[in-house]
Amino acid sequence: MTPAQKILTKLGLKEPENNEAAIQKELQQHENSRRSFFKKTAMGGIALGGAFMFSPVEELVAQSTQKVNRNSAPSDLKITDMRYCVTTVLGRTAIIRIDTNQGIYGLGEVRDGADERYALMLKSRILGMNPCNVEQIFKFIKQFGGQSRQAGGVCAVEMALWDIVGKAYNVPAWQLLGGRYRDKIRLYADTPEAGSPEEQKKLINYRLNEQGYTWLKMDLSINELKGVEGAVVNNKFWENGRGDLQQWGDMSNPMSYANTAHPFTQIQITDKGLDELAKLVDNVRSMVGYSIPLSTDHYGHFDVNNGIRLGKRMEQYRLAWLEDVISWEYTDQWKTLSDALETPCVTGEDIYLLKNFKPLIDIHAVDIVHPDLASSGGLLETKRIGDYAEEHGVAMAMHQAGTPISFMANVHCAAATQNFLALEHHSIDLPWWESLVKTTDGRPLITKGFANLPLTAPGLGIELNDEVVKQHLHPKDKSYFEPTPQWDDKRSHDRIFS
């Protein structure tokens, strides 16, 4: 008996006549057997589809274990198109769709604030390729990615490819990454700001007790010291037109504080300023207690010396981490900061590829890496970052600020990575955010501060809710997955070696 015949016997099937009518008849008769078999197998369709794809009998097995309507085997899949739409999530966040010759498509997301053209320019490079060769395609296009939002196109394509592969083999994306360590994904949420301590306490109670979040993050910016005389040294030169002192400033102005890196501003925080910032943390900590991890972020731009002073002043509050106190590329300064403080130090949301995380991890310059999957390289590269960090005793949290597409890509990656801590959810209070998509297995996206991992739904486990997405398209681009033939032609020789 051949291996394929053994599988058929387990399914209660027999080898059919080699014609389409007979195959369809067998599939109808044995749908219940297929479902029973599926429940008993950990790998679902991938083991069958990958191992037995080369004869009429094996093709029946592959078809009988997959719900995806297709014309032929995954080995015959080809990328035929890339289209997009732009949502208003976080100001401007684009979603892409990669289509194939068999009707299977995948969804990806260009990181918040990034240009959809980062992805569209890759279309001509991937047309005609088999989307199941995810790593090959990633290695082919990763040269077109850069740090932070410049990686948005490469990462969007990578997400969409895993969505396609999962659908083709009828398994969730986490299974393709090696399996799962958890069934639900812990989320961390920003603490809401309010005009008074009383109002803030009410909002925090809502976040913890009704929404169910178990990890919070708050901003601790020197902009909070606006109007406090004697709190900051050398601040006037760096204020924007509104008198604000924060890392964004006026980014349309080349002279803006926002365009000057941390070591070069010579802004300093006085003891009075540190006391004022400590009051902010003390107020929140008194509301949430010490059973809830409390992280901090968005301090403004100042050098490592002031970062150490700020960190030491906050140590009594047992913060979960200090995030991006200085820019990620100053590895030696991160090592100095980390060695000086008890509070864990975190960076990584703007880092592209594992190779750029390695210097920080190798010398333990940070205690926690914090990749944004929409910048770090996508699902597989982010899992590699987590695995490499784990080998060096470094944990991984995940930065995420996008639509449910990127959110679910992160959820699958987090499930497959052992040293994972928590995933950021940045649109908690956006009432229509979850309704942008429909889950393909009927689960809610989030329950009481935890994302629900799809245990059987293939790919990312979501589809767009077209009508809702159309209601939230960016006013400057109302197109909705229209044809993009202008991006079909490749006009350069891209290979980076001779």
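Residues numbered from 1 in each chain as written. Predicted model: local features only at pLDDT ≥ 70, side-chain atom pairs only at ≥ 80, totals over all residues. Heavy atoms only, no water.

1. Things to note about the packing of helix 15 (residues 354-362) against helix 17 (residues 379-391)
Two measures define how a pair of helices packs: the angle their axes make with one another and the distance between the axes. Orientation of helix 15 relative to helix 17, taken along the N-to-C sense of each, is 15°, at an axis distance of 10 Å. Here helix 17 runs roughly parallel to helix 15, going by the angle between their axes. The interaxial crossing formed by helix 15 with helix 17 has right-handed handedness. Together, L354, F357, K358, I361 and D362 of helix 15 and E381, R384, I385, Y388 and A389 of helix 17 make up the contact between the two elements. (Axes fitted to C-alpha atoms, helices over the stretch in contact; angles between N-to-C directions. Helix = DSSP H or I, 4+ residues; strand = E, 2+ residues; numbered from the N terminus. Parallel < 35°, antiparallel > 145°, perpendicular 65-115°, else oblique. Left-handed = near helix turned anticlockwise from the far one by under 90°. Contact = heavy atoms within 4.5 Å.)

2. A look at the packing of aromatic side chains
In this structure the tally under the stated criterion is 5 aromatic pairs. Geometrically, the ring pair formed by Y188 and W321 is edge-to-face, given 5.3 Å between the ring centres and 85° between the ring planes. In this pair, Y188 sits in strand 4 (residues 184-190) while W321 sits in strand 9 (residues 321-323), placing the two residues 133 residues apart along the sequence. Classification of W321 by relative accessible area gives buried; the value is 0%. Seen in terms of ring centroids, Y480 and F481 are 4.7 Å apart; in terms of plane orientation they differ by 75°. Their pairing is edge-to-face. Ring pairs connect the aromatic residues Y188, W215 and W321, which therefore count as one cluster. The side chain of K167 reaches across the aromatic face of Y105, ending 4.2 Å from its centre. (Phe/Tyr/Trp six-rings, centres within 6.5 Å; stacked < 30°, edge-to-face > 60°. Buried < 20%, exposed > 50% of the residue type's maximum accessible area, 1.4 Å probe, protein only. Lys NZ or Arg CZ within 6 Å of the ring centre and 35° of its normal.)

3. Section: the side chain of R111
Topologically, R111 is positioned in the loop between strand 3 (105-110) and helix 6 (117-120). Apart from residues no more than four positions distant in its own chain, R111 is found in contact with S148, R149, G152, E349, D350, D372, A374, S375 and H399.

4. Some remarks on the pairing of strand 1 (residues 79-87)
Of all the 9 residues making up strand 1, 7 are buried; the element is thus mostly covered by neighbouring parts of the structure. With 8 bridges joining them, strand 1 and strand 2 (residues 93-100) adopt antiparallel strand pairing. Within the sheet, the bridge partner assigned to T87 lies in strand 2 and is T93. Counting the residues that bridge the hairpin from strand 1 to strand 2 gives 5 residues, and of these L90 lies at a positive phi of roughly 50°. (Pairing = 2+ DSSP bridges.)

5. Some points on the sheet that holds strand 2
One open sheet holds the 3 strands; their spatial order is 1-2-3, and the pairing between them is antiparallel. For this open sheet the edge positions go to strand 1 and strand 3, each flanked by a neighbour on one side alone. Going from strand to strand, the sheet's axes swing by 20° on average, the running direction of each strand aside. Against the sheet, helix 9 (residues 152-169) touches strand 1, strand 2 and strand 3, its axis set at about 155° to strand 3.

6. Focus: the pattern of salt bridges
What the rule picks out here adds up to 33 salt bridges. D81 is the salt-bridge partner of K123, the closest N and O atoms lying 2.8 Å from each other. Note that K123 is positioned in helix 7 (residues 123-126) and D81 in strand 1, a separation of 42 residues in sequence. Exposure remark for D81: the relative accessible area of 11% places this residue in the buried category. Ionic pairing is found between R207 and D429, a salt bridge with its closest N-O pair at 3.0 Å. Of this pair, R207 sits in helix 11 (residues 197-210) while D429 is found in the loop between strand 13 (420-425) and strand 14 (437-439), placing the two residues 222 residues apart along the sequence. Residue classification places R207 among the buried residues on the basis of a relative accessible area of 5%. Here the residues in one salt-bridge network are R111, D112, R149, E349, D350 and D372, joined through shared partners. (Salt bridge = Lys/Arg side-chain N within 4 Å of Asp/Glu carboxyl O.)

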